[in-house]
Structures are given as C-alpha cells and as structure tokens.
Amino acid sequence: MAETSPNGVKVLSPTGAVRPTGTWSVGARAGDFIFVAGMRGIDPQSNALVEGDEPRIRQAFLNMRLIAQSEGATLGDAVRLVVYVTDMARHRPLVNQIQEELWGPGPYPPRTIVEVARLNQDDIVEVEGTFYAPIEK
Amino acid sequence: MAETSPNGVKVLSPTGAVRPTGTWSVGARAGDFIFVAGMRGIDPQSNALVEGDEPRIRQAFLNMRLIAQSEGATLGDAVRLVVYVTDMARHRPLVNQIQEELWGPGPYPPRTIVEVARLNQDDIVEVEGTFYAPIEK
Amino acid sequence: MAETSPNGVKVLSPTGAVRPTGTWSVGARAGDFIFVAGMRGIDPQSNALVEGDEPRIRQAFLNMRLIAQSEGATLGDAVRLVVYVTDMARHRPLVNQIQEELWGPGPYPPRTIVEVARLNQDDIVEVEGTFYAPIEK
C-alpha cells in the first residue's frame, strides 16, 4: 500500500488506520524516523468520532500507535508529541491519564501541549507523534 | 549564502525566498532533513502579503516549496506539514484545494491542521514543512 | 539518569533541567537529533514561574538550551523552533529581543510563531526546539 518518493519518503497507509478524508496521509517514514499525522479520536471501523471525552482521546492515541507500530516503533520510541486541546483544564488531565495507561510507568516522550481555538470537526484533542525506528541494515 | 554550524546545521537563504524580518531564517538542513520555517503568503518580490485568501495561501505553499527545492526536495518529499489557520471552516477547504493543485493526485504528506488565535501580521494561514532529501554521498 | 528504548531513543533528564510534572520528559535523543519538550519560564530551582514577561521568556529559552547542551548541541544547532505565545503583539517583540541576546548576530534557526488560546498554568510563552548534534563515531 505504501508509495515511495524519489528521495525515499515512504507514505504509509497501514491496515486498520483511519482513512484520510482530505489531502493528507496518516504517516510517512523517512530514514530512521516515522512522522504520524495529527490523530483524532476517530473509530477506524465506522469513520465516526468516538463518543465521550476519555474514550475519544484514548482512540486518538491508539490511532497514532497503530501507525507507528506498522513501521516497527513502539510508544517508547516516540521522540516528540504535540498535543492540541481545545480546553486545557478539562483535557490535559485526561491526556495524562491515558498516557499513564498506555506508557505505564514511563519514561514518557517530550511533549508540548497547547490549547488551540478549534480543531477540525470541532473535535477536542489532536495528537501528533514523531517516532524513531532504525531500518534494519 | 548558507552558513553552517560546528555540528553541521546549514542555515538556508536561497535566492527568491522571502526575507526574514526578525530573528529567524527561512530554513535549515541537518543531515538528510530540511526544516522550513512557518511560511505565510508574502510575495518575495515586494515583501507584502498577497491579496485574496486563495492566492495568499497558494503563495505560502510556493514559498515553502522554493526553500525545499533549493536543497533538492520536492513536495513529494515532505514528511510533515503543520498548517495553522485562523478560521478552520473558511481556510481548510482552500488549503485542500491548493494542495490538490500542487501535489496532484498525491500521495500527500502527513498533516496536522489547527485553528490558532492569531498569526503574525494578523495573517490567515501559516504552513510549516519538514522534508527529506538525502545528501548524495 | 537517561533511559534508552529498544530502538535507541534516549530519554533525557540532565542535571539542572526543570522537573516534569506530568507524563512527559524534558527531551530525547534519537540518532543525530535532539528533541526538547515545549519549555516554559519555570525556575528549575524553585519549580515556580519566573516573574515578569521578559525574564520568564528568557528562562524558557535557557531551560531549552540546557537540555540541548547536555547532548552537545548549541543554540546554533537548532533546526526548528516553534514558539507558542498568548499575545502576539506583546510577546513576539520580547521573543525577538531574547533571541538576539542569546544567538547574537545569528544566524537564527527556522521559526514558527503562533498565538494560541491558552498554555498550561495560563503561562504566556512556550518554546519547542529541535537540535542536531551528530554522535561522534
């Protein structure tokens, strides 16, 4: 399913990932790094937003994880997370909780978290992850 | 025109690019990656914002492309785009349209798009791109 | 203090850095790149926000610099800065001033600066830096 540019950028579309609805792909590998698009809490089966703040935020992280894993990266191989929320007071504690659930005792990746004015579909949280998984040589 | 740090970061200032007006450069190469600063729809000739939403957004993408191309990367070698808009409903469709125009049928790079409260000069869209173009060895 | 993932991501916690208060680390090295978490103007000694806009913004940059330096990168080795402010008109000039102070005559790294709706602790500025410092082989 993957397409590769002349310079060697591999655009990803792993089985089970959300389907892009516009001019974007879910991820790309270039060299030893994997760049995952901003992920929201969309159910990849139904293509609908998951109901409930906590389940929806969890789904966003799971969507990101699936794409990273398709290229051999675990959550422990994240080198940067940028988390965009639309209500810092309400969503940051949920993001922390879900990261504890998924990363266990850590270590956790470097993170930037900011409250933005709006996300696509008036969604509540979007998470963008960059991962490292050297190609076996 | 390029200056290189002791660790090998090459700061870019290609002919035809917009001119930095503050403490920033338009791009940098480090190893096989090219990092382009957030680009807005400024006409590099006049240094003024292009009039009209669609032409201005197109110019932002063209400004980014010029810098990437100066280091041997095409739009197909983008590994991450972050698009900052100030009105999601109004600008996201235009961004999609211009990406279709510039990337053709794709594939498209991973993208994150968020609505922020404000951009410099009260501008409407800023796009930040990261590219991959291995140095020939 | 550093822990390394199976794929080789080294999570950083250098002496003198701010202490993470949630599910994040201050930085990570992967290959030749160093990814520093979004830094704010917290005094690493007292763990409190520094008083005053200018001193606080300076502290954010110093916090970032310390983490980069712990892996052998100088400010001149920054490949990307993303600066999140909560008041563009008020904070961008201060960011420019502090970058001049810290980078001297330049060159400066590629930068993206956006005004967001809110930062954690209702803070005013957060800066996220990516650096390049090849591992000596």
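Residues numbered from 1 in each chain as written. Chains lettered and ligands numbered in written order. Predicted model: local features only at pLDDT ≥ 70, side-chain atom pairs only at ≥ 80, totals over all residues. Heavy atoms only, no water.

Participant: Explain helix α2 (residues 88-103) of chain C residue by residue, including any values.
Facilitator: Here α2(C) contains 16 residues, and its C-alpha end-to-end distance of 21 Å stays within 8% of the 22 Å for a straight helix at 1.5 Å per residue. At its buried positions, α2(C) is contacted by β7 (118-119) of chain B together with α1 (53-69), β5 (78-85), β6 (111-115) and β8 (125-132) of chain C. Note on α2(C): the residue one or two positions beyond its end, Gly104(C), has a positive phi of about 65°. (Helix = DSSP H or I, 4+ residues; strand = E, 2+ residues; numbered from the N terminus. Expected span 1.5 Å × (residues − 1). Contact = heavy atoms within 4.5 Å.)

Participant: Outline the relation of the copies chain C and chain A, supporting the account with residue identities and numerical values.
Facilitator: Between chain C and chain A, the superposition needs a rotation of 120° and an axial shift of 0.0 Å, giving an RMSD of 0.0 Å. What the rotation and shift describe, once combined, is the action of a three-fold rotation axis. Comparing interface residues between copies, only 13% of those in chain C also sit at the interface in chain A, which points to a heterologous contact through distinct surfaces. (Least-squares fit on C-alpha atoms with pLDDT ≥ 70 in both.)

Participant: For the interface of chain C and chain A, give the residues involved together with the corresponding values.
Facilitator: The extent of an interface is frequently quoted as the accessible surface area lost upon association of the parts. Counting residues at the interface gives 30 residues for chain C, matched by 29 residues for chain A. Summed over both sides, the interface between chain C and chain A buries roughly 2,300 Å², with carbon and sulfur atoms accounting for 57% of that surface. In terms of surface lost to chain A, no three residues of chain C exceed Asn7(C), Thr23(C) and Phe35(C), which account for 29% of the buried area on that side. Between the two partners, chain C and chain A, sit two salt bridges. For Glu128(C), the salt bridge goes to Arg80(A), with nearest N and O atoms at 3.6 Å. At the junction of chain C with chain A, the criterion picks out 16 residue pairs in polar contact (both at pLDDT 80 or more). Of all the secondary structure elements, the ones that give two or more residues to the side of chain C that touches chain A are β3 (27-30), β4 (33-36), β7 (118-119) and β8 of chain C. With four residues, β8(C) is the largest single contributor of residues to the side of chain C that touches chain A. (Buried area = accessible area lost by both parts, 1.4 Å probe. Salt bridge = Lys/Arg side-chain N within 4 Å of Asp/Glu carboxyl O. Polar contact = N/O pair within 3.5 Å; in protein donor to acceptor, adjacent residues only side chain to side chain.)

Participant: Got a sec to walk through the relation of the copies chain C and chain B? Specific residues and values, please.
Facilitator: Superposition of chain C onto chain B requires a rotation of 120° combined with a translation of 0.0 Å along the rotation axis, giving an RMSD of 0.0 Å. A share of only 14% of the interface residues of chain C reappears at the interface of chain B, consistent with the copies meeting through non-equivalent patches.

Participant: Can you explain the interface of chain C and chain B? Please cite residues and give values.
Facilitator: Contact with chain C, which involves 29 residues of that partner, is made by 31 residues of chain B. Both sides together, the interface formed by chain C and chain B hides about 2,300 Å², and carbon and sulfur atoms give 57% of it. Run the count over chain C and chain B and you get 16 residue pairs in polar contact (both at pLDDT 80 or more). Breaking the side of chain C that touches chain B down by element, the ones donating at least two residues are β5, α2 and β6 of chain C. Looking at side-chain class alone, the side of chain C that touches chain B contains 18 nonpolar, five polar and six charged residues. When β7(B) meets β6(C), the two strands line up antiparallel, connected through two bridges. Looking across to β6(C), one finds that Arg118(B) is bridged to Glu115(C). (Nonpolar A, V, L, I, M, F, W, Y, C, P; charged D, E, K, R; others polar. Pairing = 2+ DSSP bridges.)

Participant: An account of the side chain of Ser25(A) is needed here, citing residue identities and associated values.
Facilitator: For Ser25(A), the location among the structural elements is in the loop between β2 (10-12) and β3 (27-30). Residue classification places Ser25(A) among the buried residues on the basis of a relative accessible area of 8%. At 2.5 Å, the side chain of Ser25(A) and the backbone oxygen of Tyr108(B) are in polar contact. Residue contacts for Ser25(A): discarding those within four places in its chain leaves Val11(A), Leu12(A), Pro20(A), Ala37(A), Pro107(B), Tyr108(B), Pro109(B), Pro110(B) and Arg111(B). (Buried < 20%, exposed > 50% of the residue type's maximum accessible area, 1.4 Å probe, protein only.)

Participant: Before we move on, can you summarise the sheet that holds strand β8 (residues 125-132) of chain A with the specific residues and values?
Facilitator: With mixed pairing, the eight strands of this open sheet are ordered in space as β1(A)-β2(A)-β3(A)-β4(A)-β8(A)-β5(A)-β6(A)-β7(C). Every other strand in the sheet has two partners, leaving β1 (3-4) of chain A together with β7 of chain C as the edge strands with one partner each. Sitting on the sheet, helix α1 (residues 53-69) of chain A touches β2, β3, β4 (33-36), β5 (78-85) and β8 of chain A, and the angle it makes with β8(A) is about 25°. Against the sheet, helix α2 (residues 88-103) of chain A touches β5, β6 (111-115) and β8 of chain A together with β7 of chain C, its axis set at about 155° to β6(A). (Axes fitted to C-alpha atoms, helices over the stretch in contact; angles between N-to-C directions.)

Participant: How would you summarise α2(A) if you had to cite specific residues and measurements?
Facilitator: Those residues of α2(A) that sit buried are Met88(A), His91(A), Arg92(A), Leu94(A), Val95(A), Asn96(A), Ile98(A), Gln99(A), Leu102(A) and Trp103(A). Two or three places before Ala89(A), at the start of α2(A), stands the capping residue Asp87(A), its side-chain oxygen 3.3 Å from that residue's backbone nitrogen.

Participant: I'd like to hear about the environment of Glu136(A), residue by residue, with values.
Facilitator: Tracing the chain through its elements places Glu136(A) in the segment after β8. As for Glu136(A) and Asp32(A), which are separated by 104 residues in sequence, their C-alpha atoms are 9.4 Å apart.

Participant: Summarise the confidence of the model for chain A; cite the residues concerned and give the values.
Facilitator: One rule of thumb: low pLDDT means the predicted coordinates there are not for detailed reading. For chain A, mean pLDDT is 96; residues scoring 70 or higher make up 98% of the total. With pTM at 0.97, the complex prediction returns an ipTM value of 0.97. (pLDDT = per-residue confidence, 0-100.)

Participant: So what's going on with the pairing of β6(A)? Which residues, and what values?
Facilitator: A regular strand places its side chains on the two faces of the sheet in alternate fashion. Residue and element names in this part refer to chain A. Burial analysis of β6 places five of its five residues in the buried class, the great majority of the element. Here β6 shows two buried faces, one formed by Arg111, Ile113 and Glu115 and the other by Thr112 and Val114. Examined bridge by bridge, β5 and β6 share five bridges and lie parallel to one another. The partner of tyrosine 84 across the bridge, within β6, is valine 114. On the question of chirality, the crossover connecting β5 to the parallel β6 by way of α2 is right-handed. (Right-handed = clockwise from strand over helix to strand, strands pointing away.)

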